[in-house]
Amino acid sequence: MDNLQQIQNLREELNRHNHNYYVLDKPTISDFDFDLKLKQLQDLEVKHPEYLDANSPSQRVGGTITKNFQTVVHENRMYSLDNSYSKEDLQDWEIKIQKVLGNVSLQYTCELKYDGASISITYQDGKLLKAVTRGDGFQGDDVTNNVKTIKSIPLQLRGNYPPRFDIRGEIILPLEGFEKMNQELLDIGELPYSNPRNTASGSLKLQDSAEVAKRPLDCLLYFIAGNNLPFTSQYTGLEIARNWGFKVPSQSKLAKNLEEVFEFINYWDVHRHNLPYETDGVVIKVDDFNMQNELGYTAKSPRWAIAYKFKSEQVTTVLNSISYQVGRTGAITPVANLEPVQLAGTIVKRASLHNADQIEKLDIRLGDTVFVEKGGEIIPKIIGVAQRGSQADPTKYITYCPECHTELTRKEGEANHFCPNFYGCPPQIIGRIQHYISRKAMDIEGLGGETVALLYENGLVKDYSDLYELTVDQVIPLERMAQKSAENLVNGIEKSKDIPFERVLFALGIRYVGETVAKKLAKHYKSIEALRQASLMDLILVDEIGERIAQSVIEFFENKINCYIIERLKNFGVQLELVEKFNPDATDKLVGKTFVVSGVFEILSRDDLKKAIEDNGGKVGSSISAKTDFVIAGENMGPAKLEKANQLGIKIISENDFIEMIKGNA
Ligand code: AMP
Ligand code: ZN
């Protein structure tokens, strides 16, 4: 098989696996094998740049930087939709249609209205050509490079597709992925994103497509525009698009009349909360294309389609007061304290107000009656003032920290105010220790967030290094503590000295250093000492470490108090160096076997191969001898070595054989 053939086969295979995994949700290959094949393809593509293809599945990892997105005119205009809010609205709509079409029997395709950012993707000869945002409907931004990183979007179509067409859909951020992203932000002391829709559309405009590739975006398709399409109705169009490889949700339904449309609406009004993504209504479309053509468009929207908006659950209540919370990094978040009210099955007492700008925008004042709504966020939000209260003075945002009375700062371009009293502000001190002991960090058994606050309030700890000096006798007098629980607490702290360096690094709570970044830094620098000495330039050169993170690490170590705390941790025996014994992939499959690695390899680098041998208990020999059990031979293995191996009767295996061997299939 020649190289081109091999490259094409791998591409075809990887496209198929992407489709199985991301569109059908039925993977037929392990992640490990997928990654191996991808690596194989990437290596071949590097060796044969003449076969480069912008639509190769290897391009999905991103890496292109777009400073300015090109404006592109839509080949087919992107309309918006008329809205309706009641069954009567829909009946009126049907009457208008019948005025144009006469009393024909009408069928409707009912679809969910996905709440994300709309996108138009052009395919030429089955290949993704460009992806453009809606913009003003006439022209949008070319975000092709970012869109290609979304794995459910096919780069190459299958079946009988027309030579050129646009397909429309919604780029969404499924709730689970959104929550995960927010958790990661909270882990590094950042404020969470406010909702999936804005985060999805913001993602499309990121300059670095590698960043987009990391976000768990998805794309749901619902409309095809083009000439000579091989179908004549919306519903069959959806089915056919699915066959070409697109992700078209299965919930759509063909309704024979408005009654059935209402059934669909009633069903999804309730069940939409079980979907993995957000929806804000139903879109109803006249199914037949001839009828659609006859109905045509208004200046803004098709006459043959209408959106039915679900009523978001909304109530009014009184704003009693605003409190200001101080986070672990000093960020201030205003919270509305409300007269308790029933909303979507729970009693709501508090609502998020985000920041000073939001309060100003809503012009919300104490005593006002406000509208409260439950959107995608967990905490309900205030969406407006229903009636001005009697104490109608405009709300003045605080200028001093409510906890430590330090004057607040607000950096240019940042939405939130900050308390700069890093080492003296109680919630910041407590927050940092709480982060240190949390499950993903030091995971200290027997110690919870409330106890941390108690320890601090009783003067027993003022930073996380003080934890290691706590004694059972000191802890017992605390509220809800007894001999046993105090012992557990002290033992739990003692045990945290075994937590590996990478997690300690995360636990330190350096701004922007989340779990993944901590792992990267730990692996690269191997000790806190080496990391402390790294310059800004050094840090930026580490894979995936940008300037923002690098700067934050530098600032952390410039601070004398931090260095002092770290010194103390070191003296207590906390792991501040990498001990390379921990490896989740390690087995003892190769114990007692000695390998010699020779030649050039396709899938794994020589270093990776050697590491894999050692991780699985084997030994790496430097030259072939009677003690050698296997020679792993790559391309260009020297003839002398080959002869020697043959003479000694040593087994010669390929890298694929080796991979099979550690996976346990050989
Ligand atoms: P609006 O933004 O309220 O004018 O609603 C129109 C938008 O709804 C379209 O531009 C699409 O982005 C979006 N949308 C979501 N789901 C669908 C769907 N199933 N069919 C058509 N449009 C949809
Ligand atoms: Zn403060």
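Since we're looking at a predicted model, the values are computed, not measured.

*Asks:* Lay out the overall build of the chain with the relevant residues and their values.
*Replies:* Looking only at helices and strands, the chain features 24 helices and 20 strands. Split into buried and exposed, the 666 residues of the chain put 48% on the buried side. Long-range contacts, defined as pairs at least 24 residues apart, comprise 67% of the intrachain contacts of the chain with a sequence gap of at least 6. When the accessible surface of the chain is split by element, carbon and sulfur atoms take 49% of a total near 33600 Å².

*Asks:* Give me the site of ligand 1: which residues, what numbers.
*Replies:* Looking at ligand 1, there are 13 residues lining it, with E111, S118, R134, E170 and K285 nearest. Here E111 contributes a side-chain N or O atom positioned 2.9 Å from a nitrogen atom of ligand 1. Here ligand 1 has 490 Å² of accessible area as a free molecule, and 86% of this is covered by the chains. Residue assignment for the shell around ligand 1 shows that the elements contributing at least two residues are β3 (108-114) and β10 (279-286). Ranked by residues supplied to the shell around ligand 1, first place goes to β3 with 4 residues. When its residues are assigned to classes, the shell around ligand 1 shows 5 nonpolar, 2 polar and 6 charged.

*Asks:* So what about the coordination of the zinc ion (ligand 2)? Which residues, and what values?
*Replies:* All of the protein donors around the zinc ion (ligand 2) are C401 (SG), C404 (SG), C419 (SG) and C425 (SG); their distances to the metal are 2.2 to 2.3 Å. Here the zinc ion (ligand 2) binds 4 donor atoms, and the angle range of 99 to 114° at the metal identifies the geometry as tetrahedral. For the zinc ion (ligand 2), all donor residues lie on one chain, and their spacing in sequence is C-x2-C-x14-C-x5-C. Of the two residues, C401 is situated in the loop between β16 (381-387) and α12 (426-437) and C419 in the loop between β16 and α12; the sequence distance between them amounts to 18 residues. Comparing C401 with C419 shows no difference in burial state: the two are buried.

*Asks:* Please set out the sheet that holds β10 residue by residue, giving values where relevant.
*Replies:* The 5 strands lie next to each other as β2-β11-β10-β3-β9, forming an open sheet whose pairing is mixed. In this open sheet, the two strands that pair with only one neighbour each are β2 (83-84) and β9 (253-255). Together, β3, β9 and β10 form the strand contacts of helix α8 (residues 234-244), whose direction differs from that of β3 by roughly 55°. Sitting on the sheet, helix α9 (residues 258-271) is in contact with β3, β9, β10 and β11 (305-309), with an inclination near 20° to β3.

*Asks:* Can you break down the domain arrangement of the chain residue by residue, with the values?
*Replies:* By domain assignment, the chain separates into domain 1 (3-61), domain 2 (83-309), domain 3 (312-419), domain 4 (426-498), domain 5 (501-572) and domain 6 (594-663). Each of domain 4 and domain 5 has a C-alpha centre, and the two are 23 Å apart. Residue-level contacts link 14 residues of domain 4 with 12 residues of domain 5. Carbon and sulfur atoms make up 60% of the area that domain 4 and domain 5 hide from each other, which totals about 1300 Å². The interface formed by domain 4 and domain 5 includes 3 salt bridges.

*Asks:* Residue-level account of helix α5 (residues 175-187), with values.
*Replies:* If you check α5, its first and last C-alpha atoms are 18 Å apart, about what 13 residues at 1.5 Å a residue would give, namely 18 Å. Among all positions in α5, only G177, F178, M181, N182, L185 and D187 are buried. Of the surrounding elements, those touching the buried residues of α5 are α6 (196-204), α12, α16 (501-507) and α17 (515-525). Among the residues trailing α5, G189 stands out with phi positive, at a value near 80°.

*Asks:* An account of the packing of helix α3 (residues 87-101) against α9 is needed here, citing residue identities and associated values.
*Replies:* A pair of packed helices can be characterised by two numbers: the angle between their axes and the separation between those axes. Interhelical geometry of α3 versus α9 gives an angle of 150° and a closest axis separation of 11 Å. In terms of axis orientation, α3 runs roughly antiparallel to α9. Considering how the two elements wind past one another, α3 and α9 form a crossing that is right-handed. Residue-level contacts link K87, L90, Q91 and E94 of α3 to L258, V261, F262, I265 and N266 of α9. Considering only residue class, the contact of α3 with α9 consists of 5 nonpolar, 2 polar and 2 charged.

*Asks:* Tell me about the nonpolar core, and name the residues and values.
*Replies:* Membership of the largest hydrophobic core comes to 59 residues, with the highest contact counts inside it found for Y436, L467, L505 and L521. Element by element, the count of residues in this core is highest for helix α20 (residues 547-558), at 6 residues. Counting contributing residues per domain, this core is built from domain 4 (426-498) and domain 5 (501-572), each supplying no fewer than three. What L467 contacts, discounting residues up to four positions off in sequence, is I433, Y436, I437, I444, L447, L455, V461 and I493. In terms of nonpolar packing, the next biggest core, distinct from the first, is built from 34 residues, A131, L173, C219 and V248 among them.

*Asks:* Let's hear about the side chain of S120: which residues, and what values?
*Replies:* Residue position: S120 is located in strand β4 (residues 117-124). A distance of 2.9 Å separates polar atoms of two side chains, one belonging to S120 and the other to R168. Aside from chain neighbours lying at most four places away, what touches S120 is H74, M78, K130, A131, V132, D166, I167 and R168.

Rules and cut-offs
- Residues numbered from 1 in each chain as written.
- Chains lettered and ligands numbered in written order.
- Predicted model: local features only at pLDDT ≥ 70, side-chain atom pairs only at ≥ 80, totals over all residues.
- Heavy atoms only, no water.
- Helix = DSSP H or I, 4+ residues; strand = E, 2+ residues; numbered from the N terminus.
- Buried < 20%, exposed > 50% of the residue type's maximum accessible area, 1.4 Å probe, protein only.
- Contact = heavy atoms within 4.5 Å.
- Areas by Shrake-Rupley, 256 points an atom, 1.4 Å probe, with all protein chains shown as cover.
- Near = heavy atom within 4 Å.
- Polar contact = N/O pair within 3.5 Å; in protein donor to acceptor, adjacent residues only side chain to side chain.
- Nonpolar A, V, L, I, M, F, W, Y, C, P; charged D, E, K, R; others polar.
- Donors = N, O, S within 2.8 Å, 3.2 Å for Na, K, Ca; no water.
- Tetrahedral: all angles 85-135°; square planar, octahedral: opposite > 155°, others 65-115°.
- Pairing = 2+ DSSP bridges.
- Axes fitted to C-alpha atoms, helices over the stretch in contact; angles between N-to-C directions.
- Domains from an automatic or database assignment.
- Buried area = accessible area lost by both parts, 1.4 Å probe.
- Salt bridge = Lys/Arg side-chain N within 4 Å of Asp/Glu carboxyl O.
- Expected span 1.5 Å × (residues − 1).
- Parallel < 35°, antiparallel > 145°, perpendicular 65-115°, else oblique.
- Left-handed = near helix turned anticlockwise from the far one by under 90°.
- Core = buried A, V, L, I, M, F, W, Y, C linked by side-chain atoms within 4.5 Å.

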